[in-house]
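A look at the structure
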Amino acid sequence: MKETRRIGSLEVSLVGLGCNNFGGRLDADATAKVVYAALDAGINFFDTADIYGGTKSEEFIGQALGSRRDEVVLATKFGIKLDDARPGGASAAYIKQAAEDSLRRLRTDRIDLYQLHAPDPHTPMEETMGALNELVQAGKVREIGCSNFSVEQLRTAEAAARPGAARYVSVQNHYSLFHRAAEQDVLPECERTGIAFLPYFPLANGLLTGKYRKGQPFPEGTRIQAEGRNAGLLSEENLDKVEALIAFAEARNHTLLELAFGWLLAHPSIASVIAGATSVQQAQNNAAAAGWKLTSEEVAAINQIVS
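Note that this is a predicted model, so its numbers are computed, not measured.

**Side note on the overall build of the protein**
Scanning the protein from terminus to terminus reveals 10 helices and 10 strands. Since a compact globule built from 307 residues should have a radius of gyration of about 19 Å, the 19 Å found for the protein is in line with a globular shape. Its C-alpha atoms give the protein principal-axis dimensions of about 55 × 45 × 40 Å. Looking at the protein as a whole, 53% of its 307 residues qualify as buried. Taken as a whole, the protein presents about 13,500 Å² of accessible surface, with 49% of it coming from carbon and sulfur. If you average the places of the 31 positive and of the 38 negative side-chain charges in the protein, the two averages end up 3 Å apart.

Here is the structure:
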């Protein structure tokens, strides 16, 4: 039995499968191969969203899981505009429709973790929390979470939940060794309240996988390009840090991938590190990467390298 952590009442593997490539970069067959590889490697937490692959991610996961649905803690998200008929947001009417659509695509009678993908400034938090609670009461959703929330928004949501009603048990925000804004406020808030933190982009868009090396040509068709919105990640300074991190890991018989996962999992509030995969090998590598339990001295040394 692989080690698990909790998101509310849910028990999840330390590594989760990010499903944003399904329906976009991967067709149904390729998706199924990655799904089975992840399951066989001990990953039980799958995180998708209605918008991934233009709804195809949910469809392909539903097709692939079939009779293996009960092996998985299935998380999806709603709230970002899909098209003119599905404008997003977190109104009671929209939540009800979005949940039914996701349940149908995922071919399931329940969503284990249903997450608001981004705050909706146009809907009162009481309305959102009330509608999500109704889904929980109806047995269509087990736990609720949010994404891209600030501390202030987390507290507003907590205050808006009626006594005994469902409340957010997780927050999914951007966090990695190279993006550490969450340390200022949201992570400490999670530690204080017991909310699970789920980091997205945990590998800094691939910078922490080891495929970008100083003085070597960068791989073709990868997420970070020399031009584009992530180009700044490939600065000389960051590549120097990556080389130092690789040396640190290899001196201890570990990989950069293991270092990146282990550093995140050294935070007790982080329930699972969600990492995307486009191949069987990637899913297997990610699943195996949570084995390095960093000491507090190692964490401090890593922080020193990237500071």
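**Side note on the pattern of salt bridges**
Under the defined criterion, the tally for this structure stands at 24 salt bridges. Across the pair Lys81 and Asp84 runs a salt bridge whose closest N-O atoms are separated by 3.2 Å. The exposure class of Asp84 is exposed, given its relative accessible area of 72%. A network of salt bridges, in which partner residues are shared, links Arg69, Asp70, Asp109, Arg110, Asp112 and Arg142.

**Here we look at the nonpolar core**
Formed by 90 residues in total, the largest nonpolar core has its most connected members in Phe46 and Tyr114. For this core, the element with the most residues is helix α8 (residues 256-265), which contributes 8 residues. In contact with Phe46, not counting residues within four places along its chain, are Leu17, Cys19, Val35, Ala38, Leu39, Leu65, Val72, Val73, Leu74 and Ala75.

**Looking at unusual backbone geometry**
Not every positive phi belongs to a glycine, and Thr55 is a case in point at roughly 80°. Note on placement: Thr55 falls in the loop between β4 (45-47) and α2 (56-65).

**Considerations on the layout of surface pockets**
In this approach a probe as big as a water molecule rolls over the atoms, and the regions it shows empty are the leftover space. In this structure, the second largest pocket spans a volume of roughly 200 Å³. Around the second largest pocket, the lining comprises 14 residues; the ones closest to its centre are Glu158, Arg167, Tyr168, Thr193 and Ile195. Contributions of two or more residues to the lining of the second largest pocket are made by α5 (151-160), β8 (168-174) and α6 (186-193). Broken down by element, the lining of the second largest pocket gets its largest block of residues, 4 residues, from α5. Partitioning the lining of the second largest pocket into residue classes produces 6 nonpolar, 3 polar and 5 charged.

**Remarks on empty space enclosed by the protein**
Within this structure, the stated rule accounts for 2 cavities of 30 Å³ or more. Taken as a whole, the largest cavity spans an internal volume of roughly 40 Å³. Lining the largest cavity are Asp50, Leu82, Arg86, Tyr94, Gln97, Ala98, Asp101 and Arg105. Residue composition of the lining of the largest cavity, by class: 3 nonpolar, 1 polar and 4 charged. Considered as a void within the structure, the second largest cavity measures approximately 30 Å³ in volume. Taken together, Glu126, Met129, Gly130, Asn133, Ala160, Ala161, Arg162 and Ala165 form the lining of the second largest cavity. The dominant element in the lining of the second largest cavity, judged by the number of residues it contributes, is helix α4 (residues 125-137), at 4 residues. Across the lining of the second largest cavity, the residue classes break down as 4 nonpolar, 2 polar and 2 charged.

Definitions and limits used
- Residues numbered from 1 in each chain as written.
- Predicted model: local features only at pLDDT ≥ 70, side-chain atom pairs only at ≥ 80, totals over all residues.
- Heavy atoms only, no water.
- Helix = DSSP H or I, 4+ residues; strand = E, 2+ residues; numbered from the N terminus.
- Rg over C-alpha atoms; globule rule 2.2 N^0.38 Å.
- Buried < 20%, exposed > 50% of the residue type's maximum accessible area, 1.4 Å probe, protein only.
- Areas by Shrake-Rupley, 256 points an atom, 1.4 Å probe, with all protein chains shown as cover.
- Lys, Arg positive; Asp, Glu negative; His and termini not counted.
- Charge placed at Lys NZ, Arg CZ, Asp CG, Glu CD.
- Salt bridge = Lys/Arg side-chain N within 4 Å of Asp/Glu carboxyl O.
- Core = buried A, V, L, I, M, F, W, Y, C linked by side-chain atoms within 4.5 Å.
- Contact = heavy atoms within 4.5 Å.
- 1 Å grid on protein atoms, 1.4 Å probe; cavity = no way out; pocket = protein on both sides within 12 Å on 5 of 7 lines; lining within 4 Å.
- Points joined across faces, edges and corners; volume = space filled by probe spheres on them.
- Nonpolar A, V, L, I, M, F, W, Y, C, P; charged D, E, K, R; others polar.

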